[in-house]
Amino acid sequence: MLSLGIVGLPNVGKSSLFNALTAAKAEAANYPFCTVDPNVGMVEVPDARLGEIAKLVNPRKVVPAAVQFVDIAGLVKGAASGEGLGNKFLSNIRETDAIVHVIRCFDDPDVTHVMGGVDPVRDREIIEIELALADLGSVEKRLDKVKRTAKTGDKEALAELPVLERAHAALAAGTALWHAGLGAGELAVLRPLALLTMKPILYAANVTDAELAGREGPHVTALRAAIAAAHEPAEVVTFSAKIESELAELPPEERGEFLASLGIESAGLDRLIRAGYHLLGLQTYFTAGEKEVRAWTIHRGDTAPVAAGVIHTDFEKAFIRAETCSYADFLAHGGWKGAKEKGVARAEGRDYVVQDGDVMLFLTSAK
């Protein structure tokens, strides 16, 4: 399951976005630090293919893939050292797969900005520095321990030490590890620390209704330029917290018409999740039977046994083969029976690389 941690300065639309996405009704008042405890919400992944398969199979249960959103208190300059209570909550997003940084990209004199004026490039830098300083504390603790162990001649500690020292130097300078030029091997050494500035990042730019339906304004343009200049592994998704809040109040069958009336193709939730899947290299496969039709999230490039292991870890170890059919063929031929009769359902072995949209049935030796 994809897990996304939401960060940002106070009053940028962060909790409003969380409310709209999860209907959890987190507090979203117009003053700093109103989100005291971390809010956790589960959101179904929109995927029209799941509904089409369900129409065909008519199962007793339909289970979509899900995304977990974790919303923490708004951060301010000095959060890593305890200002604004921010440091207390950064630990709550260390286990997420990626970070969603909500940035205000609209002007409105009636909505307070904690820094006094709207400047997305500055806001991005403030949060990045705070995340880097929070990581610095984690690296310092680990570095102290590894230094002592390395003195005994321990090979693992001796190998880890130079990586930690390099990471420490970057973070001490306020540089996020995205920009530290670390190699794949070095990143692997640091991965157990769950460092915030190693996580992929999605920038959610909160814009006006008009800008969402038309041309991007100068604030979003400036943000994109800053990200490009930093060569940061990130994506930018524009959304309107106001529109998302209104959408959340509508019945599902009315949302498409509402978006169309505004000249908007898709909801912010859809675009945010799609961007998250793309950023993290994720894709979906389906299982389809009379009991249940279900969507499962895996990484692009995963083999059939790995995909089976998402259902149950024992399935990966006990994998024998997978009955596989593409989504298009499954629908075109009326499900498993027709697909098998037409020869488009295949038996795949351990080396098969699962494709997005595959409908799969696993045969295992697990009891």
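Residues numbered from 1 in each chain as written. Predicted model: local features only at pLDDT ≥ 70, side-chain atom pairs only at ≥ 80, totals over all residues. Heavy atoms only, no water.

Asker: Please clarify how the side chain of Arg49 should be interpreted in this entry.
Answerer: Structurally, the position occupied by Arg49 is in helix H2 (residues 48–57). Take Arg49: its relative accessible area is 19%, and that puts it in the buried class. Polar side-chain contacts of Arg49 include one of 3.0 Å to the side chain of Asp356. Leave out the neighbours within four places in its chain, and Arg49 touches Thr284, Phe286, Tyr327, Asp356 and Gly357. (Helix = DSSP H or I, 4+ residues; strand = E, 2+ residues; numbered from the N terminus. Buried < 20%, exposed > 50% of the residue type's maximum accessible area, 1.4 Å probe, protein only. Polar contact = N/O pair within 3.5 Å; in protein donor to acceptor, adjacent residues only side chain to side chain. Contact = heavy atoms within 4.5 Å.)

Asker: Looking at this model, I keep getting lost on unusual backbone geometry. Mind explaining?
Answerer: Backbone geometry places Ala194, a non-glycine residue, at a positive phi of 50°. Within the fold, Ala194 resides in the loop between helix H6 (184–190) and strand S6 (201–206). We classify Ala194 as buried; its relative accessible area is 16%. Despite not being glycine, His231 has its phi angle at roughly 55°, a positive value. Looking at His231, the relative accessible area reads 71%, which means it is exposed.

Asker: Whenever I open this one, the packing of aromatic side chains confuses me. Can you help?
Answerer: Aromatic rings in a pair are described by how distant their centres are and how their planes are angled relative to each other. Counted under the stated rule, the structure contains 4 aromatic pairs. Summarising the aromatic geometry, the rings of Tyr285 and Trp296 are spaced 6.5 Å apart at their centres and angled 20° between planes, so their arrangement reads as stacked. Within this pair, whereas Tyr285 is found in strand S8 (residues 282–288), its partner Trp296 is found in strand S9 (residues 292–299), the two being separated by 11 residues in sequence. Accessibility expressed as a relative area gives 0% for Tyr285, which makes it buried. Ring geometry for Phe330 against Trp336: centres 5.4 Å apart, planes inclined by 85°, an arrangement best described as edge-to-face. In this pair, the class of Phe330 matches that of Trp336, namely buried. Between the NZ or CZ atom of Arg104 and the centre of the ring of Phe106, over which it lies, the distance is 4.6 Å. (Phe/Tyr/Trp six-rings, centres within 6.5 Å; stacked < 30°, edge-to-face > 60°. Lys NZ or Arg CZ within 6 Å of the ring centre and 35° of its normal.)

Asker: Whenever I open this one, the nonpolar core confuses me. Can you help?
Answerer: Here is a general trend for soluble globular proteins: nonpolar side chains tend to be buried in one another's company. Counting residues in hydrophobic clusters, the biggest one holds 72 residues, and the most contacted among them are Ile53, Phe69, Ile93, Val100, Val102 and Leu272. In terms of residue count, the dominant contributor to this core is helix H11 (residues 268–280) (7 residues). Core analysis: the second largest hydrophobic core is formed by 18 residues, Ala132, Ala150, Leu164 and Leu190 among them. (Core = buried A, V, L, I, M, F, W, Y, C linked by side-chain atoms within 4.5 Å.)

Asker: Help me understand the pattern of salt bridges in this model?
Answerer: In a structure, side chains of opposite charge can pair up when their charged atoms sit close to one another. All told, the structure shown has 19 salt bridges when counted by the stated rule. A salt bridge links Asp47 to Arg49; the nearest nitrogen and oxygen atoms lie 2.9 Å apart. One salt bridge in this structure joins Arg346 and Glu348, with 2.8 Å as the shortest N-O distance. By relative accessible area, which is 30% here, Arg346 ends up partly exposed. Of the residues examined, Glu348 reaches a relative accessible area of 18% and is grouped as buried. (Salt bridge = Lys/Arg side-chain N within 4 Å of Asp/Glu carboxyl O.)

Asker: Can you help me understand the sheet that holds strand S5 (residues 98–104) in this one?
Answerer: Two orientations exist for strands paired in a sheet by backbone hydrogen bonds: parallel and antiparallel. If you walk across this open sheet you meet the 6 strands as S2-S4-S1-S5-S6-S7, and the pairing is mixed. The open sheet has two edge strands with one neighbour each: strand S2 (39–44) and strand S7 (234–239). Sheet twist, expressed as the average angle between the axes of neighbouring strands with direction ignored, equals 25°. Pairing analysis gives 4 bridges linking strand S1 (residues 2–7) to S5, with the strands arranged parallel. When the sheet's bridge partners are listed, Val7 is paired in S5 with His101. Together, S1, S5 and S6 form the strand contacts of helix H4 (residues 120–150), whose direction differs from that of S5 by roughly 145°. (Pairing = 2+ DSSP bridges. Axes fitted to C-alpha atoms, helices over the stretch in contact; angles between N-to-C directions.)

Asker: I tried to follow the packing of H4 against helix H8 (residues 218–229) on my own but got confused; where do I start?
Answerer: For any two helices packed against each other, one specifies the crossing angle of their axes together with the interaxial distance. Packing of H4 against H8 brings their axes to within 8 Å, and their N-to-C directions diverge by 45°. Taken together, the axes of H4 and H8 lie oblique to each other. Counting all contacts with H4, which are made through Pro120, Val121 and Arg124, the residues of H8 involved are His219, Ala222, Leu223, Ala226 and Ile227. Considered class by class, the residues forming the contact of H4 with H8 number 6 nonpolar, 1 polar and 1 charged. (Parallel < 35°, antiparallel > 145°, perpendicular 65-115°, else oblique. Nonpolar A, V, L, I, M, F, W, Y, C, P; charged D, E, K, R; others polar.)

Asker: Can you help me understand the environment of Thr287 in this one?
Answerer: Take Thr287: it is sitting in strand S8. Considering only alpha carbons, one finds Thr287 and Asn206, 81 residues apart in sequence, at a separation of 36 Å. Dropping the residues within four chain positions of it, Thr287 is found in contact with Glu292, Val293, Arg294, Trp296, Ile311 and Met360. A polar contact of 2.9 Å, which involves the side chain of Thr287, links it to the side chain of Trp296.

Asker: When you look at the packing of helix H9 (residues 241–248) against helix H10 (residues 252–261) in this model, what are you seeing that I'm missing?
Answerer: Running from N to C, H9 and H10 cross one another at 150°; their axes reach a closest spacing of 10 Å. On the basis of the axis angle, H9 is roughly antiparallel to H10. When you trace H9 past H10, the crossing you get is right-handed. Facing H9, whose interface residues are Ile243, Glu246, Leu247 and Ala248, H10 presents Arg255, Phe258 and Leu259. Classifying every residue of the contact of H9 with H10 by side-chain character gives 5 nonpolar, no polar and 2 charged. (Left-handed = near helix turned anticlockwise from the far one by under 90°.)

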